[in-house]
Amino acid sequence: MSKSSPRRFGGRSTGTVTVIEAKVHRSSARNAKLAFILTAVIVGLLAAVVAASYWHPIVSLFVGALIGVPTGAAVWLLVRVWPVIRLLWWWSLEVFLVVLLLTCWVQLANHTPTVVTLLVVALVVGVPAVIRPVRRQVKAWGWCLVVRHRLRVCFAQFIIANQSGSLPLILWARPTPVGERVWVYLRPGLSAKDLEGRLDKIAVTCHASTVLIERASENNAAYLRFDIKRREVLTAHVGSPLVDVIDPTAPVSASPLTVPTALDLPDIDMPTVTLPTQGKPAKKPATTANGSKPAASSSSVPDDDTSDWI
C-alpha cells in the first residue's frame, strides 16, 4: 500500500511516500485469499460431518457452509490486515506513551487549577533535566526506542528478507551499560551468518560504535540478541577513596628496589640420605674339562657371610 503525495516545488514532484511496500501488499493479498479458501473448506467440511449425525446430509452441508464461510472471512481479514498490525506493533510503545501523556494532561487540566497544572508539568519535565541519574535513564530508554526503528531500517534497506518481503520481528529492547540490547526473531530466509557480514553497516545505521549478534536461545536459531555498543566503560576514570587515605606529607623513599632473581635458601636443613654400599659379587666357579665343577676351597665365601651380604 503506497500513498502518493505529489508536491510540486518549481514544477517537480517530490515522489511517493510508501507506508506498506507493494511487494508486501501483493503477498498479503495472495496469502489472505489462500487462507480464506482453506479455512472455509476445512471448517465447513468438519462442521458438516458433525452436523450429519443430527440432521439430514443436505441440511448438514448448509450448516457447514454457514459456519465455514464466516470463519474463512475472519481469517482472510486477519491475514489481510497483518501488515498494518505489524506497523502498529513497530510504533506501539510510542503510541502508548503519547496516549498516556495526553490522557494525563487532559485529566490534570480538568481537575486542577492552571497554576497547579503548570507546576506539575514543570516538575515532570524539570526533574529529568536537572537530576543526572534520572536524565541518564530517560536518555537510555529513549535510545532503545530509536534503535528498534533503526534496525527495521537495516532489514528493509540492505538486509535480504524472504521472498514475500516479510521483515524480522523486532521484539524488545533494553539499555545496557555500554548501549542497548535488542531481541529479534528472524523469518525464514535469514540466519545469523547472513547478518555477521553486515555488522559494520548495522552499527552505522544505529549510530553506534560496534554491534554484536548472538543466539538468544540454544533451541531456536531464529531468536537472536543484538548488543549495540556506544561507549567504552572499561577505560573510564573511576574515583577511588584510597587517594584520600594517603598522607601527602609522608616522606618518599628514593632507595632502589631489589628484585630477587634467584632462589637462595641457606637456612633450610636438607636431610642427608646415605645409600648402603654394595660389595663385589662372588665369581662364578669355572668348570673343568670334563664338565664338573671344582670343589669349594677354603677361600670361598661361607654361607653365613653370603647371607649377610644379601
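Residues numbered from 1 in each chain as written. Predicted model: local features only at pLDDT ≥ 70, side-chain atom pairs only at ≥ 80, totals over all residues. Heavy atoms only, no water.

### What about the confidence of the model for the chain?
Moving on, step 1. Per-residue confidence for the chain gives a mean pLDDT of 79; residues scoring 70 or more make up 71%.
Moving on, step 2. Low confidence marks residues 1-17, where pLDDT is under 50. Its contacts with residues over four positions away, or in another chain, come to 22 contacts.
Moving on, step 3. Note that pLDDT drops below 50 for residues 297-303; the model gives that stretch one contact with residues more than four away or on any other chain. (pLDDT = per-residue confidence, 0-100. Contact = heavy atoms within 4.5 Å.)

### Things to note about the sheet that holds strand 6 (residues 223-229)
Moving on, step 1. Here four strands make up an open sheet; going across it, the order is 3-4-6-5 and the pairing antiparallel. Across the chains shown, the open sheet's two edge strands, defined by having one partner strand only, are strand 3 (169-175) and strand 5 (210-215). Geometrically, the sheet is characterised by an average inter-axis angle of 20° between neighbouring strands, direction not taken into account.
Moving on, step 2. As judged from the six bridges shared by strand 3 and strand 4 (residues 179-185), these two strands associate in the antiparallel manner. Counted as the bridge partner of isoleucine 170 is valine 184 from strand 4.
Moving on, step 3. Against the sheet, helix 6 (residues 132-157) makes contact with strand 3, strand 4 and strand 6, and its axis sits at roughly 150° relative to strand 3, the strand it touches most. (Pairing = 2+ DSSP bridges. Helix = DSSP H or I, 4+ residues; strand = E, 2+ residues; numbered from the N terminus. Axes fitted to C-alpha atoms, helices over the stretch in contact; angles between N-to-C directions.)

### Comments concerning the nonpolar core
Moving on, step 1. Ranked by internal contacts, the top residues of the largest apolar core, which has 27 residues, are Leu151, Phe155, Val182, Ile202 and Phe226.
Moving on, step 2. Looking at this core, the elements that each hand over two or more residues are helix 6, strand 3, strand 4, helix 7 (192-196), helix 8 (199-205), strand 5 and strand 6.
Moving on, step 3. Broken down by element, the residue count for this core peaks at five residues, all from helix 6.
Moving on, step 4. Here leucine 151 is in contact with Ile170, Val182, Val184, Ile202, Cys206 and Phe226, once residues within four sequence places are set aside. (Core = buried A, V, L, I, M, F, W, Y, C linked by side-chain atoms within 4.5 Å. Buried < 20%, exposed > 50% of the residue type's maximum accessible area, 1.4 Å probe, protein only.)

### Here we look at the packing of aromatic side chains
For any pair of aromatic rings, geometry is given as the distance between the ring centres together with the angle between the planes.
Moving on, step 1. Throughout the structure, instances matching the rule amount to three aromatic pairs.
Moving on, step 2. With centroids separated by 6.5 Å and ring planes inclined at 55°, the aromatic side chains of tyrosine 54 and tryptophan 55 adopt a geometry described as tilted.
Moving on, step 3. For the pair phenylalanine 155 and phenylalanine 226, a centre-to-centre distance of 6.4 Å together with 75° between the ring planes defines the contact as edge-to-face. Of this pair, phenylalanine 155 sits in helix 6 while phenylalanine 226 sits in strand 6, placing them 71 residues apart in sequence.
Moving on, step 4. Residue classification places phenylalanine 226 among the buried residues on the basis of a relative accessible area of 0%.
Moving on, step 5. A cation over an aromatic ring shows up here: arginine 230 above the ring of tryptophan 143, its NZ or CZ 3.7 Å from the ring centre. (Phe/Tyr/Trp six-rings, centres within 6.5 Å; stacked < 30°, edge-to-face > 60°. Lys NZ or Arg CZ within 6 Å of the ring centre and 35° of its normal.)

### Remarks on the state of the cysteines
Moving on, step 1. Counted under the stated rule, the structure contains zero disulfides.
Moving on, step 2. Of all cysteine sulfurs, the one in cysteine 206 lies closest to cysteine 154, which takes part in no disulfide; the gap is 4.8 Å.
Moving on, step 3. Exposure remark for cysteine 154: the relative accessible area of 1% places this residue in the buried category. (Disulfide = S-S within 2.5 Å.)

### Here we look at unusual backbone geometry
Excluding glycine, residues mostly have negative phi values, and the peptide bonds linking residues are mostly trans.
Moving on, step 1. With a phi angle near 55°, histidine 207 is a residue other than glycine that sits in the positive phi range.
Moving on, step 2. Inspection of the secondary structure assignment puts histidine 207 in the loop between helix 8 and strand 5.
Moving on, step 3. Residue classification places histidine 207 among the exposed positions, given a relative accessible area of 51%.

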